[in-house]
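# A closer look at the structure
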Amino acid sequence: MNQCFGPGGPGCLTAGVITLDGLTKVFPAPGGGDPVTALEGIDLHLDEGRVHGIVGRSGAGKSTLIRCLTGLEKPTAGRVEVDGTDIAALDGAALRAARRNIGMVFQHANLLDSRTAAQNISHPLEIAGVPRAQREARVAELVELVGLSGREHNHPAQLSGGQIQRVGIARGLAAEPKVLLCDEPTSALDGSTTRQILRLIADLRERLGITVVIITHEMGVVREVCDTVTLLQDGRIAQSGDLLEVAGDPHGPLSGELIPLPPAPTGIDAVLVNCDYGRTGRFRTSEDLVRLADEHGAEAHIVAGIIETISGTQVGRVQLALQNRTGEPISREGLAAFLHELDAEGVVATEVSA
Ligand SMILES: Nc1ncnc2c1ncn2[C@@H]1O[C@H](COP(=O)(O)OP(=O)(O)OP(=O)(O)O)[C@@H](O)[C@H]1O
Ligand SMILES: [Mg+2]
């Protein structure tokens, strides 16, 4: 499978910032048993200036993938290209130089307690041998960029969790990388701080044009900030694509997680139909569906539903209970005509057993 998120669509030849080609990583079993295939034949093309989410259960291979992107792990097979450089082929000083193009943000920023926020941000620049005056100018710029003005002289113990993560992000951006890799960047934060940090990431992408890869188990993070999403399952890509496409495909494994339908009340004497609407076609609201049911001689009651805004588009998933006007379940013919018209309007509708 070739996943290409560039403007040219699948199979395009635009120079993407990250290209994985047949990436495979097999670990020898530490105890001498069967080797573990952590990644197998991953083909992924992530374009510049977008936010890409990578999700998957524990053990799916997410951290291994990020470690291959940073050159911390060498692939068993395949290529890992970041901004035109084959990371897997590099060692020593060449690898260290290529890594400057890649910023990292972790779940816990792991700041140095004895240093202030500004000194923590400055740390990678010191290691890279950047002269003092240049370093100070860059740190001042970064403090402003991540919204830490007034807190730059605080030590980590004097910062909130969200501020600590801002320092972590500023430190990740210090060397002006083209790619920012984030491993569970908001998992340790509360809901409102998570939203602030995600807004910051979206803003940085907008202002700096950097490419962001976020590993997360939080679907809210994917919904809020990602342009594309890839689901890893047992080291393989189970689904990958533009967020709106993936969320709006009710047959794919990710849509139920991105737009989970809450449980409907049980014991309803009606035909139940799940509808996914909003991605294409004329029907934009659940009221549109109720009106169409009415045109087919049926009363539709929304018994469960969720509406999410994904990439600026409202996407809804509702469960309708259909009855005729005398309170009986709708006829098979009426149902077939209703479903047919929904289909023609791009609404994915499936009858479910009560
Ligand atoms: N150094 C290693 N040696 C042997 N096996 C490893 C090594 N690193 C990872 N694995 C195995 O590779 C598989 C993928 O691990 P990985 O850490 O990439 O998963 P993950 O998706 O990041 O999981 P989590 O969400 O729990 O962090 C697991 O089965 C793991 O046990
Ligand atoms: Mg992991």
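Remember, it's a predicted structure, so these values are computed and weren't measured experimentally.

## A closer look at the overall build of the chain
A count of helical and extended segments in the chain gives 11 helices and 14 strands. C-alpha atoms of the chain, sized along the principal axes, occupy 80 × 50 × 40 Å. Long-range contacts, defined here as pairs at least 24 residues apart, represent 69% of the contacts in the chain between residues at least 6 apart. For the chain, the separation between the mean place of its 31 positive charges and that of its 45 negative charges on side chains is 9 Å.

## Observations regarding the sheet that holds strand 1 (residues 18–27)
In sheet architecture, strand pairing relies on hydrogen bonds along the backbone and comes in two forms, parallel and antiparallel. Judged by pairing direction, the sheet is antiparallel, and its four strands sit side by side in the order 2-1-4-5 without closing on themselves. If you trace the sheet from one side to the other, it starts and ends with strand 2 (36–46) and strand 5 (85–86), each paired once. Bridge count between strand 4 (residues 77–82) and strand 5: two bridges; the pairing is antiparallel. Note that in strand 5 the partner of Val 82 across the bridge is Thr 85.

## Observations regarding the packing of helix 3 (residues 117–127) against helix 4 (residues 132–145)
Running from amino to carboxyl end, helix 3 crosses helix 4 at an angle of 130°, the nearest separation of the two axes being 9 Å. When the interaxial angle is binned, helix 3 and helix 4 end up oblique. For the element pair helix 3 and helix 4, the recorded crossing hand is right-handed. Facing helix 3, whose interface residues are Ala 118, Ile 121, Ser 122, Leu 125 and Glu 126, helix 4 presents Arg 135, Arg 138, Val 139, Leu 142 and Val 143. By residue class, the composition of the contact of helix 3 with helix 4 is six nonpolar, one polar and three charged.

## Points about the site of ligand 1
Near ligand 1, the surroundings consist of Phe 27, Val 36, Ala 38, Arg 57, Ser 58, Gly 59, Ala 60, Gly 61, Lys 62, Ser 63 and Thr 64. Here Ser 58 contributes a side-chain N or O atom positioned 2.5 Å from an oxygen atom of ligand 1. Taking Lys 62, its side chain carries an N or O atom lying 2.7 Å from an oxygen atom of ligand 1. Burial of ligand 1 by the surrounding chains reaches 60%, relative to a free accessible area of 650 Å². For the shell around ligand 1, the secondary-structure elements that each account for two or more residues are strand 2 and helix 1 (62–69). In terms of residues, the shell around ligand 1 owes the most to one element, helix 1, which gives three residues. Residues belonging to the shell around ligand 1 are distributed by class as follows: four nonpolar, five polar and two charged.

## A few points about the nonpolar core
Among the nonpolar cores identified, the biggest contains 50 residues, and Ile 169 and Leu 258 are the most heavily contacted of them. When residues of this core are assigned to their parent elements, the largest contribution, five residues, is made by helix 6 (residues 191–208). Both domains that furnish three or more residues to this core are identified here as domain 1 (2–256) and domain 2 (264–353). The residues touching Ile 169, leaving out its near neighbours within four places in the chain, are Val 105, Val 146, Ile 197, Leu 200, Ile 201 and Leu 204.

## Quick notes on helix 4
Structurally, the α-helix is built with 3.6 residues per turn, so residues lying three or four positions apart point the same way. Here helix 4 contains 14 residues, and its C-alpha end-to-end distance of 20 Å stays within 8% of the 20 Å for a straight helix at 1.5 Å per residue. Buried within helix 4 are the following residues: Arg 135, Arg 138, Val 139, Leu 142, Val 143 and Leu 145. Down the axis, helix 4 shows its buried residues gathered within 155° of arc, on one side only. Facing away from the buried surface of helix 4 by more than 90 degrees, the exposed residues are Ala 133 and Glu 144. The elements touched by buried residues of helix 4 are helix 3, helix 5 (161–173) and helix 6. A positive phi of about 75° marks Gly 147, the residue just after helix 4.

The rules we used
- Counting restarts for each chain, with residues numbered from 1 along the sequence as it is written.
- Whichever chain is written first becomes A and whichever ligand is written first becomes 1, with later ones labelled in order.
- Whole-chain, interface and lining totals are the exception, using all residues; otherwise, since this is a predicted model, local features are given only for residues with pLDDT of at least 70 and side-chain atom pairs are given and counted only at 80 or more.
- For side-chain calculations, the full set of non-hydrogen atoms in the structure is used, while hydrogens and water are omitted.
- Strands are runs of DSSP state E lasting at least 2 residues, helices are runs of H or I lasting at least 4, and numbering of each runs from the N terminus.
- Two residues form a contact once any of their heavy atoms are found within 4.5 Å.
- Positive charges come from Lys and Arg alone, negative charges from Asp and Glu alone, with His and the N- and C-terminal ends not counted.
- We put the charge of a Lys on NZ, of an Arg on CZ, of an Asp on CG and of a Glu on CD.
- For two strands to be treated as a pair, DSSP must find no fewer than two bridges joining them.
- Axis definition: a line fit to C-alpha positions, over the contact stretch in the case of helices; interaxial angles, taken between N-to-C directions, run 0 to 180 degrees.
- For classification purposes, an angle smaller than 35 degrees is called roughly parallel, one larger than 145 roughly antiparallel, one from 65 to 115 roughly perpendicular, and anything else oblique.
- In a left-handed crossing the near helix is turned counterclockwise from the far helix by less than a right angle, and in a right-handed crossing that turn is clockwise.
- Gly is put with the polar residues, along with every residue not named as nonpolar or charged; the nonpolar set is Ala, Val, Leu, Ile, Met, Phe, Trp, Tyr, Cys and Pro, and the charged set is Asp, Glu, Lys and Arg.
- Any residue with a heavy atom positioned within 4 Å of a molecule or strand is treated as near that molecule or strand.
- Think of a polar contact as two N or O atoms within 3.5 Å of one another; within protein, one of them needs to be a possible hydrogen donor and the other a possible acceptor, and neighboring residues in sequence only count if both atoms come from side chains.
- Here the open area of atoms and residues is found with the Shrake-Rupley method and a 1.4 Å probe, where only the protein chains shown may cover a residue.
- Among buried residues, those of type Ala, Val, Leu, Ile, Met, Phe, Trp, Tyr and Cys that are joined through side-chain atoms within 4.5 Å constitute a nonpolar core.
- Using a 1.4 Å probe on the protein chains alone, a residue whose accessible area is under 20% of its type maximum counts as buried, one over 50% counts as exposed, and one in between counts as partly exposed.
- An automatic or database domain assignment supplies the residue ranges for each domain.
- To estimate the expected span of a helix, count its residues, drop one, and scale the result by 1.5 Å.
- Here the arc refers to the directions that run from the helix axis out to each C-beta atom.

Interpretation note: all reported values are geometric properties and have no functional meaning in isolation.
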